[in-house]
Amino acid sequence: MRFTSRRFASLSSDAHHGDDRIITGVCYDSRTVEKGWLYVAIRGSRVDGHDYVVKAVERGASAVLVDKAHEEWACRCLLGRGVAVISADDPAAAVSRYASLSVLDNRGFTGIAVTGSCGKTTTKEMLASILSTRYRVAKTPGNLNSTLGLPLSVLSMDEDAEYGVFEMGVDHVGEMDMMTRVIQPEIAIITNIGISHLENFGTREAIAREKGRIFLPQTQGFILADNDMKDYLATMSPGIRTVSCPFTDIRMVGLEGIAMNLGSRRFVIPAVGMHNVQDASLACAVARYIGLDDEEIIEGLSTFKPLFGRSRVVHHGGLTVIEDCYNATLDSVNDAISTLSSLDWSAEKLIVLGDMKELGSASKDAHRKVGQSLCKAECDHIFLYGEEMEEAYRVLYDNGRRDVVYTERFDVLASSFRRTASSGDLVLLKGSRAMAMERLFDTLKEVG
C-alpha cells in the first residue's frame, strides 16, 4: 500500500512534524529499510529501535515513527534532512491501528487467516500458490505472523489483491483478538493444537481457546477431521468444516517430495515429510470451497516452494541438508526423524536436533519421547544440542545407542559435526527458533 505520512499520523498517531512524505513500505528493522519507507522505532527487551533512527534515515527512510519520549530529539536530529517525524505513545499500536483502518477503507479482497501450533507457514504458502493460479493474491511475507508482523503484512499488500492469506501466530492470551482487529477473516484455518507455547498457556485447552478466537461470527472455519480438539473448537463457532485427506496413493519419492493422486491425476508436492499432506489437505479444502477446480489445485501444489527452515532441501558444501530449523514440536520432530529414516542414501545420514522450546511442564516428557524415536532412527550419527535435549540423550544412552554427541555449547556442536560429516552425507537440521540452528550453516559449508 502507498500512503502519506500526514494521513498515517492523522489516523493513528499523535503528532506529525515536517513536510508530508510519500510512504511505500513500513518496517521495524533499520537494516531492512528501503527508500521511501516508514521506519518504526520499537523498544524491545534487548534493543531499543530509537538507537537506529539515524541509520534508518541514512538508508532512505522518508519518515520515522518514534515514541513521545523521543519526539523532541528526533525533530532536532532529522527535520533538516527532509524526513517526516511522527510520534505516538505506542508506535507498534499506531501501526496496528493504521493497518486496521486501511483494511476497512480498501476492503476489496477476501481475507483468509491461518493459525495453529505448526504448519501455518506451509499451509499459507500452499493455499496462496493454489489461489494464484486464478486470482491476484497477497500473503504474509515470510513469517510476519505476530502482533507486530501482521500489520506489516497488511500494509505490504498490493491494492489490487483479490485474496489475502495471512498467518496469525499467538503465544500469549489476548493476542488473537489483537490480530482479528487488524484483519477480520472471512475464512480461517486451524492447522492443529499441539503443545507449543504450553509454558505460556498452561493447558492445551487454553491454547485451543486462544487460537479458536480466530473464528469470528462471519468466518467460515476449517480444521482437520482428526484434530483431537475439534469438539472443543466446535463449541466456539458453529461455522467450522472438518477436512479429510482428499488424496490417494500417497508416497514419499525421496527428496523430490510426496507423490499422490487427486482424482485421476498423479502429481508431486515438492516438500519433504508426510506432515505436509495435512497442510495440503487444508489448502485443498479451502480452494474447493472458494471454487477452484482440481486442475488448479494440482498446479498450485506442484509449484509450491517451501520457505527457509520448513523441510526445504538445500546443499551446503558437499552436504545435502533437510533444512527444518524454523520451529520444532514433538510431532514435527518425530515426523522429521521418520522421514530421514525412510530415505535411501548411499552415504551416511546425520540428525542434528536442538531443544524444543516453550513446552513448560511437558518439556521433559516431550524430549524423552524424541529420545525414544531416535532409538529407532535409521541414521549413522546423532547430535543433540541444548539443555533440554539432555532428556533425549539419557534415553539414548540407557538404550545403548552410542552414535550420539550431546552438548549445551554451540561451539562443541559445530566442532563435533565438522569432525564427523563427510561430503555426500545427508543431514537433518531441526530445532526451535530460539536455538538458531542455522548458525551451523557455516560449518556445513566447510564439508566439501
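Positions within a chain are numbered from 1, following the residues in the order the chain's sequence is written. In view of the model being predicted, local features appear only for residues whose pLDDT reaches at least 70, and side-chain atom pairs are presented and counted only at 80 or more, with totals across whole chains, interfaces and linings using the full set of residues. The side-chain values count all of the structure's non-hydrogen atoms but skip hydrogen atoms and water molecules.

Examining the sheet that holds strand β4 (residues 25–27)
To keep it simple, the criterion reads: Two strands make a pair as long as DSSP finds a minimum of two bridges between them. Helix and strand definitions follow DSSP, with helices as H or I runs of at least four residues and strands as E runs of at least two, each counted in order from the N terminus. Only the stretch in contact is used when fitting a helix axis, every axis being a line fitted to C-alpha atoms; angles between N-to-C directions are given from 0 to 180 degrees.
As summarised here, the arrangement of the 5 strands in space is β2-β7-β6-β5-β4, forming an open sheet in which the pairing is mixed. If you trace the sheet from one side to the other, it starts and ends with β2 (15–17) and β4, each paired once. Direction aside, neighbouring strands of the sheet carry axes that sit 20° apart on average. One ladder, built from 3 bridges, connects β4 with strand β5 (residues 37–40); its direction is parallel.

Quick notes on the pairing of strand β8 (residues 110–115)
In plain terms, the rule: When a residue's accessible area, from a 1.4 Å probe over protein chains only, is under 20% of the maximum for its type it is buried; when over 50% it is exposed; and in between it is partly exposed.
Where burial is concerned, most of β8 is hidden: 5 out of the 6 residues are buried. Alignment of β8 against strand β10 (residues 163–167), held across 5 bridges, turns out to be parallel. Opposite Ala-113, over in β10, you have Phe-166 as the bridge partner. Bridging between β8 and strand β11 (residues 187–190) involves 4 bridges; their strand directions are parallel. Within β11, the position partnered with Val-114 by the bridge is Ile-189.

Describing unusual backbone geometry
Of note in the backbone geometry, His-197 takes a positive phi value of approximately 65° without being a glycine. Mapped onto the elements of the fold, His-197 is located in the loop between β11 and α8 (198–201).

Quick word on the pattern of salt bridges
Pairing between side chains becomes possible if they bear opposite charge and their charged atoms approach one another. Definition in use: Salt bridge, as used here: a side-chain nitrogen of Lys or Arg that lies within 4 Å of a carboxyl oxygen of Asp or Glu.
Throughout the structure, instances matching the rule amount to 28 salt bridges. One salt bridge connects Asp-67 with Arg-43, and the closest N-O pair in it is separated by 3.1 Å. Here the residue Asp-67 occupies a position in strand β6 (residues 63–67), and Arg-43 occupies one in the loop between β5 and α2 (53–58), the gap between them amounting to 24 residues. Across the salt bridge formed by Arg-418 and Glu-446, the nearest N and O atoms sit 2.6 Å from each other. With Arg-418 in helix α16 (residues 410–420) and Glu-446 in helix α17 (residues 441–446), the pair connects residues that are 28 residues apart, well separated along the chain. Classification of Arg-418 by relative accessible area gives partly exposed; the value is 38%. One connected set of salt bridges, linked through shared partners, spans Lys-124, Glu-125, Lys-139 and Glu-167.

Some details on the environment of Phe-267
Mapped onto the secondary structure, Phe-267 falls in strand β16 (residues 265–269). For Phe-267, a relative accessible area of 5% corresponds to the buried category. C-alpha separation for the pair Phe-267 and Met-437, spaced 170 residues apart in sequence, amounts to 32 Å.

A few points about the nonpolar core
As a reminder, the rule being used: Among the buried residues, those of types Ala, Val, Leu, Ile, Met, Phe, Trp, Tyr and Cys that are joined through side-chain atoms within 4.5 Å form a nonpolar core. Here, two residues are considered to be in contact whenever any of their heavy atoms come within 4.5 Å of each other.
Ranked by internal contacts, the top residues of the largest apolar core, which has 77 residues, are Leu-38, Leu-65, Ile-351, Leu-353, Val-370, Leu-374 and Leu-384. In contact with Val-370, other than residues within four places in its own chain, are Leu-330, Val-333, Asn-334, Ile-337, Leu-353, Met-356, Met-389 and Ala-392.

A closer look at the sheet that holds strand β19 (residues 349–354)
If you walk across this open sheet you meet the 6 strands as β17-β18-β22-β19-β20-β21, and the pairing is mixed. The open sheet is flanked by β17 (312–316) and β21 (404–407), the only strands paired with a single partner. Ignoring which end each strand starts from, the neighbouring axes of this sheet average 20° apart. Two elements, strand β20 (residues 381–385) and β21, share 4 bridges in a ladder whose sense is parallel.

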